[in-house]
Amino acid sequence: MTIRHNLPRLLLPFVLALPALFVFVGGYTQWVIGYLYLFIIQGYVAWLLFYKTGQSFYGYSATMALGAYTCVVLQRLTNVSPALQILLGALISALLAMLFFLSTSRAKGFYAGMASFLLAILIPKLIEALYPITGGRSGVQITGLDLLLGSDNYFLLVIFFTVVIVAFIAWLINTRVGKIFTLIAENEDLAQATGINSFKYKLLAYTVAGLLSGLGGALYVNYTGSISSVDINVFTSVSIFFIPLLGSKRSLYGPLVGSMFLVLIPELFSSIERYLDILYGLSYILVMIFLPDGIIIGVGRLLARLFSKIVPPKTLGNSS
Amino acid sequence: MVLQGLITGIIIGGILSLPVMGVALIYGVTGILNYAIATIGTFGAFTTWLLLPYGLLPAILAGLLTSFVIGFGIQQFLLNPLIKKKGNDLTLFFIITFGIATIVAGLTKNFFPRPTISIELPKLGTLFIADVAVDINKVIAIAIAFSILLVMRFLEKTTKTGKSWIATSQNLKMAKLVGINVEFVYSLVSGIGCILGFIGAFFWGVLYNLTVNTGWDLCFLGYIIAIVGGIGNVWGGMISALIMGVVISFAGYWLGGMWQSVALYVILFAILIVAPKGILGSERSV
Amino acid sequence: MPPLLMEAENLTVTYGSYAALKKVNFSVFEGEIVAIVGPNGAGKTTFLETVAGLLKPKEGSLKFRDRNITKLEPFQRRKMGLMLIPQEGNLFPSMPVKENLQLGAFFENKRSTEEILNRVYRIFPKLQDRTRQLAGTLSGGEQRMLAIGMGIAANVKALMIDELSLGLAPKVVGNLLSILRDLRDETGITLILSEQSIKALDVADRVYGLEAGEIRFTEDAQQLDRDLIKSLYLGA
Ligand SMILES: Nc1ncnc2c1ncn2[C@@H]1O[C@H](COP(=O)(O)OP(=O)(O)O)[C@@H](O)[C@H]1O
Ligand SMILES: [Mg+2]
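Residues numbered from 1 in each chain as written. Chains lettered and ligands numbered in written order. Predicted model: local features only at pLDDT ≥ 70, side-chain atom pairs only at ≥ 80, totals over all residues. Heavy atoms only, no water.

Caption draft 1: Spatial organisation of the overall build of chain B. On a plain count of helices and strands, chain B comes out with 11 helices and 4 strands. By the compact-globule yardstick of 19 Å for 286 residues, chain B fits well, its C-alpha radius of gyration being 18 Å. The principal-axis extent of the C-alpha atoms belonging to chain B is close to 60 × 50 × 35 Å. Scored against the burial criterion, the 286 residues of chain B give a buried share of 59%. Considering only contacts within chain B whose residues lie at least 6 apart along the sequence, 76% involve residues at least 24 apart. As displayed, chain B offers around 10600 Å² of accessible surface, 71% of which is attributable to carbon and sulfur atoms. (Helix = DSSP H or I, 4+ residues; strand = E, 2+ residues; numbered from the N terminus. Rg over C-alpha atoms; globule rule 2.2 N^0.38 Å. Buried < 20%, exposed > 50% of the residue type's maximum accessible area, 1.4 Å probe, protein only. Contact = heavy atoms within 4.5 Å. Areas by Shrake-Rupley, 256 points an atom, 1.4 Å probe, with all protein chains shown as cover.)

This is the structure:
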């Protein structure tokens, strides 16, 4: 019973680890898969903070960019090792998320959300203003871990980190702390009435999200080897925020499926790149209208309906 | 130099106040934050530019009408049915209107022959304020921006349509019960909001360059200024637009172009943290 | 017997899975004053809001002036001559008294609006002294007066008033009720009043007893057995 109940959760790391086999395929396909993983990380972070903890935060591109640019700046100004760069990137991003939460904690959800949106707009402008060290809009190259370790090894490392991060989030939401996060999302007043210090838990959620998102950003810039202020901007934030919705915000697999659609589908349409944003916009609207519970649940319902046509619903009910 | 900065600031602020008023108007009546106003207005301004060879006035009217029809149609056929079905869900309408803005910006990019345009108006000469020369077209832009606010207030006071949008924003349930077709009011107001977006984008195109991305810039700026002014509060939006215009202008002088927007956003951020409900407060509780 | 004006058949209304009205049958004849009485939570507000079009029934149909109105929007029903004054939030608080009344008379032209407003002022002289005052700053009794004034200004065939007496002194309620009866006698308007208190029975022609979303009884107001009312509030 418990095993069966926990099966999806226990299976997730293996599902995520399996595409490591793409290392035998190599080439552009492998590169895209790695790129996908960098967004899977962000998707799970958004899922944790926005959907599981109910915090209206739209600044994922800000935390991600901070992680990435910490690496860039450290590499240009110091000679700390790439591992340390990545660690510091994650920490600084966590610090930003903490400070953001502390400064907006008095505001109602909606205004905090707007402030975070503002953050997502502000960070690229800041990067542009600091162009002598960041490269601004025209971008900057770094000697990333992909060069130091070899791109295959770094590809595997990215997958490894993703598995660890996602497994951590999957574990976290089932702990007492995670249950409190969910309670805060559903009814913060109730949480407080039962003696929970919701401030403390929200601070924790923001810090964890900032840390992981920053880590993801640091891994990102080491993967791409270059970055510019327009690579991670407010549109990235909206995409990341959309990932769990697209997959299904109610399923542990939602962010995974959501990132796959968001990253891989455009690859199929690369020949009509001009029209890509129109397709993006359309998909936002169509998903919200026709798949409000996301692809997983929507497809599940469709299958159930098809299935119940083949097998009469009564037998279906009995078998479960 | 201070005067020059002030004048530039007021001009920028006046233009910014147009999409801001659009956001405020639509939000005040429908309760929806529509992210697509400025991109739709920019599409309209590109239309005007395309039709300029047929005469200035017809081109302006065509742009105006295009913006209105898009705004009205989207509200009537997409947003109203959604409001009816799902109520007012912030996340839902954020994504939907953001999606609309993305589509419209994409269409602007693909539909018009050039990505960057500037709208040439006949030169009307310059006006001297103290010893600062100001292009008369800029003065006209400002005059129109301010008079639109007055026109709107006038409509609200004297026409049945204007009264019905005020009534709808004050008490939706009672508005329905006294016989107002609130869905039509929503669509109308969305159309008007997009017209405001259009006028803003048009003057932006007259004074500076208009690019496919101007829609987004005006969207983000207009939208955040609206929040700082007290979302849904038209006067607050106007005041905060002017303040921000002056900030942009002086930050440009003292800090240079790159730091201009950083300064602006940092100030906006600070205001949002200190006074989350905006300078003059919100007319709706979010 | 006067002709049938409004009829509800098998009306079922739900909030989520909770049925607030269960297969309610209800009819009103032209010129009648009908009172719907029942304890708090019986479903009176739900019923009136469904008739006005604010809520959509899950099952059943509504007829008004021989037309099926089940699918019509509130403004369309209002246009046909059916109006509801809700139990709360029935004013435009930041508008002056006069503009509230003008909105009440939404479908009248300018000239007839003036006439109608004067009629309202004759009935409620207090409102005339305060035409420029913002509705939200009126006292509770005055606000109720204004709300009813809006209903009168609407000049409709059938006026529904939800919980007329809520929070008002008994004497004020008595006054309002007799004003409404005079209005009916004068204009032939049909009135549907919902009441938690049974004060409305003084002016009503007919009474519906509603409890837990179901109609318990329909009676002539004059011949109403007091025990029936008691059972409604205290349970059988
Ligand atoms: N918006 C709502 N959501 C859920 N339940 C509601 C809602 N409005 C009313 N109800 C429930 O429906 C029942 C009838 O309510 P109502 O029509 O307001 O009764 P009355 O007006 O007779 O006091 C009550 O049990 C009430 O709790
Ligand atoms: Mg009630």
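There's plenty left to go through after this.
Caption draft 2: Molecular detail of the overall build of chain C. Each helix and strand in chain C was counted, giving 8 helices and 10 strands. Against the globule reference of 18 Å for 236 residues, chain C gives a C-alpha radius of gyration of 17 Å, in line with a compact fold. Projected onto its principal axes, the C-alpha coordinates of chain C cover approximately 50 × 40 × 40 Å. Once local pairs closer than 6 in sequence are excluded, the contacts in chain C between residues at least 24 apart make up 65%. Roughly 10600 Å² of accessible area belongs to chain C as shown, and the carbon and sulfur atoms make up 47% of that amount. A gap of 5 Å separates the mean positions of the 30 positive and 29 negative side-chain charges of chain C. (Lys, Arg positive; Asp, Glu negative; His and termini not counted. Charge placed at Lys NZ, Arg CZ, Asp CG, Glu CD.)

Caption draft 3: Spatial organisation of the sheet that holds strand S3 (residues 33-37) of chain C. Residues and elements named next belong to chain C. Spatially, the 6 strands line up as an open sheet ordered S6-S7-S8-S3-S9-S10, and their pairing is mixed. Each edge of the sheet is formed by a strand with only one pairing partner; in this case those strands are strand S6 (82-85) and strand S10 (214-220). The sheet shows a mean angle of 15° between the axes of neighbouring strands, taken without regard to direction. Where strand S9 (residues 206-211) lies against S10, 6 bridges are found, and the strand directions are antiparallel. By the bridge assignment for S10, Arg-206 is matched with Asp-220. Packing of helix H1 (residues 44-52) onto the sheet brings it into contact with S3, S6, strand S7 (158-162), strand S8 (190-195) and S9, and relative to S7 it is tilted by some 150°. Its contacts with the sheet put helix H7 (residues 170-187) on S3, S7 and S8, and the angle it makes with S8 is roughly 160°. (Pairing = 2+ DSSP bridges. Axes fitted to C-alpha atoms, helices over the stretch in contact; angles between N-to-C directions.)

Caption draft 4: Focus on the coordination of the magnesium ion (ligand 2). Coordination of the magnesium ion (ligand 2) by the protein involves C:Thr45 (OG1) and C:Gln87 (OE1), with metal-donor separations of 2.0 to 2.2 Å. With C:Thr45 in helix H1 and C:Gln87 in the loop between S6 and helix H3 (97-104), this pair connects stretches of sequence that are 42 residues apart. (Donors = N, O, S within 2.8 Å, 3.2 Å for Na, K, Ca; no water.)

Caption draft 5: Geometry of helix H10 (residues 234-255) of chain B. End to end, H10(B) covers 30 Å across 22 residues, agreeing with the expected 32 Å (1.5 Å per residue, within 8%). The first or second residue beyond H10(B) is B:Gly256, which carries a positive phi of 90°. (Expected span 1.5 Å × (residues − 1).)

Caption draft 6: Structural view of the nonpolar core. Ranked by size, the top nonpolar core spans 287 residues in total, and within it A:Phe117, B:Ile96, C:Phe26 and C:Phe47 carry the most contacts. Setting aside residues up to four positions removed in sequence, C:Phe26 forms contacts with C:Met6, C:Glu7, C:Ala8, C:Val34, C:Ile36, C:Phe47, C:Ile192 and C:Tyr208. (Core = buried A, V, L, I, M, F, W, Y, C linked by side-chain atoms within 4.5 Å.)

Caption draft 7: Fine view of the packing of H3(C) against helix H6 (residues 140-154) of chain C. All names here are of chain C. It is the contact of H3 with H6, at a shortest axis distance of 7 Å, that shows an interaxial angle of 40°. In this view, H3 runs oblique relative to H6, as classed from their interaxial angle. Classified by chirality, the crossing of H6 by H3 is right-handed. From H3, Val-97, Asn-100, Leu-101 and Gly-104 reach across to H6, where they touch Leu-146, Gly-149, Met-150, Ala-153 and Ala-154. (Parallel < 35°, antiparallel > 145°, perpendicular 65-115°, else oblique. Left-handed = near helix turned anticlockwise from the far one by under 90°.)

Caption draft 8: Inspection of the pairing of strand S2 (residues 18-29) of chain C at higher detail. Residues and elements named next belong to chain C. Sheet topology note: the strand S1 (residues 4-15)/S2 ladder contains 8 bridges and is antiparallel. Residue pairing for S2: Val-13 is matched across the bridge by Leu-21. The hairpin formed by S1 and S2 contains 2 residues between the paired strands, and Gly-16 there has a positive phi angle of roughly 60°.

Caption draft 9: Region of interest: unusual backbone geometry. Although it is not a glycine, A:Ser248 sits at a positive phi angle of roughly 155°. A:Ser248 gets classed as buried once you look at its relative accessible area, which sits at 0%. For C:Glu163, which is not glycine, the phi torsion reads 55° and is therefore positive. Looking at the element boundaries, C:Glu163 is found in the loop between S7 and H7.

Caption draft 10: The arrangement of the packing of helix H4 (residues 82-104) of chain A against helix H5 (residues 109-129) of chain A in detail. Residue and element names in this part refer to chain A. Two elements in contact, H4 and H5, have axes whose closest approach is 10 Å; the angle formed by their N-to-C orientations is 140°. When the axis of H4 is compared with that of H5, the two are oblique. Taken as a pair, H4 and H5 cross one another with a handedness that is right-handed. Contacts from Leu-96, Phe-100 and Thr-104 in H4 reach Ala-112, Ala-115, Ser-116 and Leu-119 in H5.

Caption draft 11: The arrangement of the environment of B:Ile271 in detail. Here B:Ile271 is to be found in helix H11 (residues 257-274). Considered as a pair, B:Ile271 and B:Gly229 are 42 residues apart in the sequence and their alpha carbons are 9.7 Å apart.

Caption draft 12: View of the site of ligand 1. All names here are of chain C. Near ligand 1 you find Tyr-15, Tyr-18, Ala-20, Pro-39, Asn-40, Gly-41, Ala-42, Gly-43, Lys-44, Thr-45 and Thr-46, and these make up its full shell. Note that an oxygen atom of ligand 1 is positioned 2.8 Å from one of the backbone N or O atoms of Lys-44. When the free accessible area of ligand 1 is taken as 560 Å², the share hidden by the protein chains comes to 60%. Listing elements by their share of the shell around ligand 1, those giving two or more residues are S2 and H1. For the shell around ligand 1, the class distribution of residues is 5 nonpolar, 5 polar and 1 charged. (Near = heavy atom within 4 Å. Polar contact = N/O pair within 3.5 Å; in protein donor to acceptor, adjacent residues only side chain to side chain. Nonpolar A, V, L, I, M, F, W, Y, C, P; charged D, E, K, R; others polar.)

Caption draft 13: Quick peek at the environment of C:Ala147. All names here are of chain C. Mapped onto the elements, Ala-147 comes out in helix H6. You can call Ala-147 buried: its relative accessible area is 0%. For the pair formed by Ala-147 and Val-97, sequence separation is 50 residues and the distance between their alpha carbons is 9.9 Å. Ignoring any residue separated from it by four or fewer positions in sequence, one finds Ala-147 in contact with Ile-85, Asn-90 and Leu-91.

Caption draft 14: Region of interest: the interface of chain B and chain C. Contacts between the two partners involve 18 residues from chain B, matched on the other side by 27 residues from chain C. Summed over both partners, the interface of chain B with chain C buries about 1900 Å², with 65% contributed by carbon and sulfur atoms. At the junction of chain B with chain C, the criterion picks out 3 salt bridges. For the salt bridge of C:Glu73 with B:Lys84, the shortest nitrogen-to-oxygen distance reads 2.8 Å. Applying the counting criterion to the chain B and chain C interface returns 8 residue pairs in polar contact (both at pLDDT 80 or more). Mapped by element, the contributors of at least two residues to the side of chain B that touches chain C are helix H6 (160-170) and helix H7 (172-178) of chain B. (Buried area = accessible area lost by both parts, 1.4 Å probe. Salt bridge = Lys/Arg side-chain N within 4 Å of Asp/Glu carboxyl O.)

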